[in-house]
Amino acid sequence: MNALSPSLLPVMATPILSIKNFSVVYPSARGVKALDNINLEINQGELVVIAGVSGSGKSTLLRSVNRLTENDRAQMTGSVVFDGTDVLNASSKQLRQIRSHIGFIFQEYNVVERLPILTNVLTGTLSKTGFWASQFGIFKEENKTLSHQSLVRVGIDQKRHSDRASNLSGGQKQRVGIARALLQKPRLILADEPVASLDPITANLVMNIFKKINEEEGITTIINLHDPVLTFKYGRRIIGMKQGKLIYDKPIEAINRATFEEDIYGRPDAE
Amino acid sequence: MDGRTLSRRGLGRWGSWTLLGRSLFILSLLVAYVLAFRAVEFDPANILQNLHHLRNLLGKMYPPDFSHFDQLIRPLIQTLQISFLGTLFGALLAIPLVAFGTQVVIRNPWIYWPIRSLMNLLRTVPDLVYAVLFVVAFGYDHGPLAGMVALSVFSCSIIAKLASESADNINRRPIEAIEATGASKFQVIRYAVIPQLLPAFIDHTIYVFELNVRVAAVMGYVGAGGIGQQLLTQLDLLKYDTVFAIILTIFALVVVIDFVGNRIRDALLHGLRMPFPVQVLTWVALGWTAVWSLLSLDVNPERVLIGLGYLKNLLWAIVSSPAMEFFNISISRMWESLLIAFVGTTLSFILAFPLGFLASRKYTGIPSQVAFWVKQIPGAIRAFPELILAIFFIASFGPGPLPGVLAIAIHSIGMLGKMNAEAVEKIRKEQVEALQATGANRAQVFRFGILPQVLPEFLALAIYRFEINVRASTVLGIVGAGGIGMLINEALQLRQWNIIGLCLLVIIPVVIVIDFISERIRRKLIEGSHSA
C-alpha cells in the first residue's frame, strides 16, 4: 500500500472536505461494500480527478458527499465533513443547506428537458428562492442576469436561452448543467463522469470549462473520469479507486507516467 | 427464440407439457366454454331464429326521425357540460393524489400506500354505479348535478391511476439534479416532476374527457341528466326512429370529440409548444366554458355539500346494514356478470384477431385503401357506448344475459382491433425473414414467425379488456342485460338502497381480485414475450 502517499500541496488550515473511515453498502449488493474504509482530505482550491474503472466506487464516493446515495438506499458509516458540517448526521434542512453549497454535475446532464434553458439554470438558485416565488416561477432579476452570463460563459448563445432544453445536444446540455451548478455559487463542484457520454472534442471543451472555473474562481473541484488520457491532462491531483478502495493518491508532479495506468487500472491480463 | 427461455417463463411452459396434458387442458377449456356459453344463453340457433326481430327493429329505426332535433340540442349541450365539468373537477381532485401517490418524490410508504389503495378502491366502482349512488343522494330533481359529481369522482379515479403510473416512469435524473441544488420537496415537484408529467397528465385528462362524453351520453338512463334521458323517454314511447336519431347524434358527438381529442393528444406527444397568445386564449376559453357550464347546470356548492352529506349517510346505511337476505342472489348474479364479461371478451378476441392483421398493411399485402378503411372500423365501433348496444340487443332478443354478451363482444372490438393492429405494426421483420429464408410457406411463416410475436400481446390486451368488461357487465343489467346490474335496477325501482349496498360489497372485492389476477397474468405474458 505504498501508493498511498500524502498530498504534496501546501496544507491549508482545515480541508474543505474530509472523509474518515467511510464505508457504503447497498442493500441489493448482499453485504459487498461499494466503498471500503475511505480516508480522504480535499483542500480548498484543489482540482482533483478520481480515476478508476466503472464499478470502482468513484460515483458512490461523490454521491455520498451530498447524500444522493440515499436515493439508492445506501447505508453509510464513518464520517463525511464538508466545510465544518457533519454531512451524515445533518437534518434534512441542514442537508439542503449543504447541497446548496455543492454544485453537482451528472454524466447524463439531468436537465429538465421540457423547461427552458434559462429556467434550468435558475433552478440552481431554488434553495435561496422563497416557497411561493418558486411555485409561481418568479426569480430575482439579478439571478436571471447571472444565469444569462453563466450560460454565455459556458458557451450557450443568448438567443437560445428561452429554447427548451430538449433542443440541445449532449455537450450543450452538460454546459447547462455546469451553468446550473455555477448559479449555486458553490464552494465545491462534484462532477460525476461529466464527459463520459460526449465525443472527444466536446469532452475537452467541457473539461476546459472546469479547468477555467477552478483556476479563475478557485472553486474546489472533484471530477470522476474513467478515461486515462483526460485524467492525466486535467487532474492536478489524481486519486485512484478500485473495488471500493482508495489505491492511489498523488499530485500530478509526483506521478510516474510510465506506470500510471497500470497503478490505477491494473494490468489488462491480470486476474 | 430459444425454446428454453420461453419455457421458463409465462405461457411458454406450454411447450413442456405432455400431449395428454395439453389435450386435457384444451378439453377442459372447451367444456368450460360450452358451460359458459350456455349460462349466458348464447345459442347460435336461437340467435338465428330471432334474427328477424333484429331486422324488424332495424326497419322501425330506419329512416331516423330528426324532426325533433331542436329538442335534442339542449340535452346534447348539457351532456357536454357534464362531461367537461366532471373531467375538470376530476383532474383537479387527481392532482394531490398523483403528487403523493408516487414514490418518485415522497418516498414514505405510510403516505404512498394509503393513497394508492384509495385510488384503486375508487377505480373498482363502475361509472354507472357512481351515477346511481349520486342520483339517489342528490335526488332526481338534481340529476345533471349528480351526474357531474359522479363523473368527477369517476374521472378522478382514472386520471389519478393513469397519471401516477406515468409519474412512476418519469426520468428520475432531473429530480436528482434539482435535489442536489438543495431545493425543497415542493420545489422538486414544481421544477422536475410537473414539467415532465404535464404532457402525460393533459393527455390522460383529454382521454378521460372522451370517455366521459360516452358515459354522460347514457347516464341519463339512471336519471343523471344529459341526452340519455331523452333516449329513455323515446324508448318507452317505442319511437325507434327517434331513438335512432338520438343514437346517431351521440355517435356523431363522440366521433367529433374523439377526433379533436386525438389531434390535440398527438400534438402534445410530439412536443408541441403553443405560442403564448394561444396559451392565454386556451386558458380563457377553458375558464369561460367552466363558468358557463357551472351557471347553466345550476351548480351550487351548498347543494353539493347537502348531497354529499346525504351520500355519506346513504353509504353508511347501506354498508352498515346491507340486505344480506339477498346475498345468494347477488353472488349468482355477479357470477353471471363475470360470465357475460368472459364470453363477451372471448368473442371479441376472436373477432378482433383478423382485424389486427387487416388494418396493418405490413404482412398481409392487402391494398392500402382497404387497410385504411379496416383501420376505421374499430374507431367507429368504439363510438357506440356499450349501453346503447345493449339497449338495441334487448329490443331484439329480450332482456337477459345474451344482449349483454353481444354488446360487450361488439364494443370491445373497438379497443382490441386498434391495439392489436398496433401490436402487428411492431412485428420484427428479421424473425419473419429468417423463416422465409428457410423456405417455409406462408402459413408456416405465420405460425412460427408472426404468431409468436403477437399472440402474447393479443392475449394480454384481451385480458386487460376483460378487466374493463367486468365493470361494464356489472352495470349493463341496469338496462336489462343480465348480471348483477339487474339487481341494482330492481333495488332502484323498489328504493331498497341496502340492496345496492350489498351489490357494492359484492362488486368491489370481485373487481379487486380480478384486477389483481389479470395484472399478474398480463405481466407474465409480456415478460415472457420479451425474453423470447
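Calculation rules
Residues numbered from 1 in each chain as written. Chains lettered and ligands numbered in written order. Predicted model: local features only at pLDDT ≥ 70, side-chain atom pairs only at ≥ 80, totals over all residues. Heavy atoms only, no water. Helix = DSSP H or I, 4+ residues; strand = E, 2+ residues; numbered from the N terminus. Rg over C-alpha atoms; globule rule 2.2 N^0.38 Å. Buried < 20%, exposed > 50% of the residue type's maximum accessible area, 1.4 Å probe, protein only. Areas by Shrake-Rupley, 256 points an atom, 1.4 Å probe, with all protein chains shown as cover. Domains from an automatic or database assignment. Contact = heavy atoms within 4.5 Å. Buried area = accessible area lost by both parts, 1.4 Å probe. Salt bridge = Lys/Arg side-chain N within 4 Å of Asp/Glu carboxyl O. Polar contact = N/O pair within 3.5 Å; in protein donor to acceptor, adjacent residues only side chain to side chain. Nonpolar A, V, L, I, M, F, W, Y, C, P; charged D, E, K, R; others polar. Axes fitted to C-alpha atoms, helices over the stretch in contact; angles between N-to-C directions. Parallel < 35°, antiparallel > 145°, perpendicular 65-115°, else oblique. Left-handed = near helix turned anticlockwise from the far one by under 90°. Phe/Tyr/Trp six-rings, centres within 6.5 Å; stacked < 30°, edge-to-face > 60°. Lys NZ or Arg CZ within 6 Å of the ring centre and 35° of its normal. Pairing = 2+ DSSP bridges. Expected span 1.5 Å × (residues − 1).

**Q** Honestly, the overall build of chain B in this entry has me stumped. Any pointers?
**A** When you go through chain B residue by residue, the secondary structure sums to 22 helices and 0 strands. What you see for chain B is a C-alpha radius of gyration of 24 Å, in line with the 24 Å of a compact globule of 532 residues. Taken along its principal axes, the extent of the C-alpha atoms in chain B is 75 × 75 × 50 Å. Counting the 532 residues in chain B, one finds 51% classified as buried. Accessible area of chain B: about 25700 Å², with a carbon and sulfur share of 67%.

**Q** Teacher, can you tell me more about the domain arrangement of chain A here?
**A** Interfaces are often described in size by the accessible area the parts lose on coming together. Residue and element names in this part refer to chain A. Each assigned domain of chain A is listed with its residue range as follows: domain 1 (15-101 + 186-203 + 215-271) and domain 2 (112-185). Here the C-alpha centroids of domain 1 and domain 2 sit 26 Å apart. On the domain 2 side, the residues contacting the 10 residues of domain 1 number 10 residues. Summing both partners gives a buried area of about 780 Å² for domain 1 against domain 2, and 52% of it is carried by carbon and sulfur. On the surface where domain 1 and domain 2 come into contact, there are 2 salt bridges. Across the pair E217 and R153 runs a salt bridge whose closest N-O atoms are separated by 2.5 Å. There are 5 residue pairs in polar contact (both at pLDDT 80 or more) connecting domain 1 and domain 2. Of all the secondary-structure elements, those providing two or more residues to the side of domain 1 that touches domain 2 are helix 2 (92-100) and helix 7 (200-217). With 3 residues, helix 7 is the single largest residue contributor to the side of domain 1 that touches domain 2. Residues that form the side of domain 1 that touches domain 2 fall into these classes: 4 nonpolar, 2 polar and 4 charged.

**Q** Is there a simple way to explain the domain arrangement of chain B in this structure?
**A** Residues and elements named next belong to chain B. Examined at the domain level, chain B breaks down into domain 1 (35-63 + 323-532) and domain 2 (65-320). Distance from the C-alpha centre of domain 1 to the C-alpha centre of domain 2: 24 Å. Between domain 1 and domain 2, the residue contacts involve 34 residues of the former and 33 residues of the latter. Approximately 3000 Å² of surface area, both sides summed, lies buried where domain 1 meets domain 2, with 79% of it carried by carbon and sulfur atoms. When the buried surface of domain 1 facing domain 2 is broken down by residue, M61, R382 and I388 rank first, second and third, together holding 17% of it.

**Q** Honestly, the environment of A423 of chain B in this entry has me stumped. Any pointers?
**A** Residue and element names in this part refer to chain B. Tracing the sequence through the fold places A423 in helix 18 (residues 401-425). For the pair formed by A423 and V454, sequence separation is 31 residues and the distance between their alpha carbons is 6.3 Å. Look past the residues within four positions of A423 in its chain and what remains in contact with it is V454, E457 and F458.

**Q** Is there a simple way to think about the interface of chain B and chain A in this case?
**A** Listed as interface residues are 23 residues of chain B and, on the opposing side, 35 residues of chain A. Carbon and sulfur atoms supply 55% of the area buried between chain B and chain A, which totals about 2400 Å² over both sides. Taken as a group, E176, T181 and Y191 of chain B account for 26% of the area that chain B buries against chain A, more than any other trio of residues on that side. For R63 of chain A, the salt bridge identified is with E176 of chain B, shortest N-O distance 2.7 Å. Counting the contacts that link chain B with chain A gives 12 residue pairs in polar contact (both at pLDDT 80 or more). Residue assignment for the side of chain B that touches chain A shows that the elements contributing at least two residues are helix 9 (172-180) and helix 10 (185-219) of chain B. For the side of chain B that touches chain A, the element with the most residues is helix 10 of chain B, which contributes 8 residues. Of the residues assigned to the side of chain B that touches chain A, the class counts are 11 nonpolar, 6 polar and 6 charged.

**Q** What is the right way to look at the packing of helix 18 of chain B against helix 20 (residues 442-476) of chain B in this model?
**A** All names here are of chain B. Packing of helix 18 against helix 20 leaves a shortest axis separation of 9 Å and a crossing angle of 150°. Judged by the angle between their axes, helix 18 and helix 20 are roughly antiparallel. Along this stretch, helix 18 crosses helix 20, giving a crossing that reads as right-handed. Between helix 18, through G404, A407, I408, H411, S412, M415, L416, M419, N420, A423 and V424, and helix 20, the contact on the second element is made entirely by V454, E457, F458, L461, A462, Y464, R465, I468, N469, A472, S473 and L476.

**Q** I would appreciate a short explanation of the packing of aromatic side chains in the present structure.
**A** Centre distance and the angle of the planes are the two values used to describe a pair of aromatic rings. Residues and elements named next belong to chain B. Overall, the coordinates contain 23 aromatic pairs over all chains when judged by the stated rule. With 5.4 Å between their ring centres and 85° between their planes, F353 and F458 make a pair best called edge-to-face. Of the two residues, F353 sits in helix 15 (residues 327-358) while F458 sits in helix 20, which places them 105 residues apart along the sequence. Chaining the aromatic ring pairs together yields one cluster made of F349, F353, F357, F446 and F458. Stacked on the ring of Y191, the Lys or Arg R190 has its end atom at 4.5 Å from the ring centre.

**Q** Explanation requested: the sheet that holds strand 2 (residues 33-42) of chain A in the structure shown.
**A** The strands that make up a sheet are held in pairs by hydrogen bonds between backbone atoms, and each pair lies either parallel or antiparallel. Pairing is antiparallel in the open sheet, where 4 strands are placed in the order 2-1-4-5 (chain A). Pairing within the sheet leaves two strands with one partner each, and these edge strands are strand 2 and strand 5 (85-86) of chain A.

**Q** Honestly, helix 2 (residues 19-39) of chain B in this entry has me stumped. Any pointers?
**A** At 3.6 residues per turn, the α-helix brings residues three or four places apart onto the same side. Helix length check: helix 2 of chain B (21 residues) gives 30 Å between terminal C-alpha atoms against 30 Å at 1.5 Å per residue, within 8%. At the C-terminal side of helix 2 of chain B, E41 of chain B shows a positive phi close to 60°.

**Q** Would you explain the pairing of strand 1 (residues 17-25) of chain A in this entry?
**A** Strand residues, when the strand is regular, have side chains that alternate between the two faces of the sheet. Residues and elements named next belong to chain A. The buried fraction of strand 1 is high, at 7 of 9 residues. Note: strand 1 against strand 2, 6 bridges, orientation antiparallel. Paired with F22 across the strands is I38, a residue of strand 2. One ladder, built from 7 bridges, connects strand 1 with strand 4 (residues 75-82); its direction is antiparallel. Looking at the pairing, L17 lines up with F82 of strand 4.

**Q** What is the right way to look at the side chain of T123 of chain A in this model?
**A** Positionally, T123 of chain A belongs in the loop between helix 3 (117-122) and helix 4 (131-135). Of the residues examined, T123 of chain A reaches a relative accessible area of 0% and is grouped as buried. Here N120 of chain A takes part through its backbone oxygen, which lies 2.5 Å from a polar atom of the side chain of T123 of chain A. For T123 of chain A, the contacting residues outside a window of four places in its chain are R180 of chain A together with I178, T181 and Y191 of chain B.

**Q** Can you help me understand the sheet that holds strand 7 (residues 188-192) of chain A in this one?
**A** All names here are of chain A. Reading across the sheet, the 6 strands line up as 6-7-8-3-9-10 and stay open at both edges, with mixed pairing between neighbours. Edge strands, defined here as strands with exactly one partner in the open sheet, are strand 6 (102-105) and strand 10 (245-251). Strand after strand, the sheet turns through a mean of 15° between neighbouring axes, direction not considered. Alignment of strand 3 (residues 47-51) against strand 8 (residues 220-225), held across 5 bridges, turns out to be parallel. Paired with A51 across the strands is L225, a residue of strand 8. Together, strand 3, strand 6, strand 7, strand 8 and strand 9 (237-242) form the strand contacts of helix 1 (residues 58-65), whose direction differs from that of strand 7 by roughly 145°. Contacts between helix 6 (residues 170-183) and the sheet are confined to strand 6 and strand 7, with strand 6 contributing the most and set at about 170° to the helix.

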